[in-house]
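Given next are the chains, with one letter for each unit.
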Amino acid sequence: MEVQSLPINYLPIIFQMLVAIGFVVTTMFVTHKLGPKRNTQDKLTPFESGIEVIGNARTPISIKYFLVAILFVLFDVEVIFMYPWAVNFRDLGKTGLIEMFIFMATLLLGFIYIIKKGALDWE
């Protein structure tokens, strides 16, 4: 038996989205109109974690910082894939083990490439 997808089947989802959007818009409008508006000097001054700002926020930062941050996120996300594998290690058997070795070898090749390119060198 083939399942048919008709536009009428999506009506509850559309209705729920309209109710949610309506709730958000109504709540924001009502709180904006009824909420207090007290603009004091203390509220209007910029601060960072309760500390007054010193210097310019637009100082140049080395591109190496961003490169290392992106590489960290990249390899961190790759490590996340190892957790489900470790949980299902016995169920996956030898095939899962071989696939994880291939995955780790690919990850190691990428890491070696990054080291050869000097992306982690701070100069």
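Predicted model only: the values in this text are computed from it and were never measured.

Listed in full, the seven residues of the largest apolar core are Leu-71, Phe-75, Met-82, Met-100, Leu-107, Ile-114 and Ala-119. Elements supplying a minimum of two residues to this core: α3 (63-80) and α5 (89-117). Counting residues per element, this core draws most heavily on α5, which supplies three residues. When sequence neighbours within four positions are dropped, the list of residues in contact with Leu-107 reads Phe-75, Glu-78 and Met-82.

It is worth spelling out the UniProt feature "transmembrane region" (unreviewed entry) in the chain at this point. The positions that UniProt labels "transmembrane region" (unreviewed entry) are, in the present scheme, residues 13-31, 65-85 and 97-115. Across residues 13-31 one finds 100% helix and 0% strand; the C-alpha atoms that close the span lie 27 Å apart. Taken end to end, residues 65-85 has its terminal C-alpha atoms 32 Å apart, with 95% of it in helix and 0% in strand.

Okay, α3 next. The end-to-end C-alpha distance of α3 is 26 Å, a good match for the 26 Å that 18 residues give at a rise of 1.5 Å each. Two or three places before Lys-64, at the start of α3, stands the capping residue Ser-62, its side-chain oxygen 3.2 Å from that residue's backbone nitrogen.

Here the focus is the environment of Leu-44. Within the secondary structure, Leu-44 is located in helix α2 (residues 41-44). Leu-44 sits in the exposed class, given a relative accessible area of 57%. Along the sequence, Leu-44 and Phe-111 sit 67 residues apart, while their C-alpha atoms lie 47 Å from each other.

This next bit is on the confidence of the model for the chain. Considering every residue of the chain, the mean pLDDT works out to 87; 98% of them sit at 70 or more. Confidence, read as mean pLDDT per element, is least for strand β1 (residues 47-48) in the chain (70) and greatest for helix α1 (residues 11-34) (96).

Our focus in this paragraph is the environment of Asp-121. Residue position: Asp-121 is located in the segment after α5. Once the C-alpha coordinates of Asp-121 and Phe-81 are considered, the two residues, 40 residues apart in sequence, prove to be 27 Å apart.

Since one α-helical turn is 3.6 residues long, residues separated by three or four positions face the same way. With 29 residues, α5 should reach 42 Å at 1.5 Å per residue; the first-to-last C-alpha distance of 35 Å falls well below that figure. Thr-95 marks where α5 bends most, by close to 75 degrees. By the burial criterion, the buried members of α5 are Gly-96, Met-100, Leu-107 and Ile-114. Those residues of α5 that are buried are in contact with α3 and α4 (82-87). Remark: Gly-118 follows α5 within two positions and exhibits a positive phi of approximately 80 degrees.

Here is what the cut-offs are and how they apply
- Residues numbered from 1 in each chain as written.
- Predicted model: local features only at pLDDT ≥ 70, side-chain atom pairs only at ≥ 80, totals over all residues.
- Heavy atoms only, no water.
- Core = buried A, V, L, I, M, F, W, Y, C linked by side-chain atoms within 4.5 Å.
- Buried < 20%, exposed > 50% of the residue type's maximum accessible area, 1.4 Å probe, protein only.
- Helix = DSSP H or I, 4+ residues; strand = E, 2+ residues; numbered from the N terminus.
- Contact = heavy atoms within 4.5 Å.
- UniProt positions renumbered as here; feature names shortened; annotations may be inferred.
- Expected span 1.5 Å × (residues − 1).
- Polar contact = N/O pair within 3.5 Å; in protein donor to acceptor, adjacent residues only side chain to side chain.
- pLDDT = per-residue confidence, 0-100.
- Bend = angle between axes of the 7 residues up to and from the residue.

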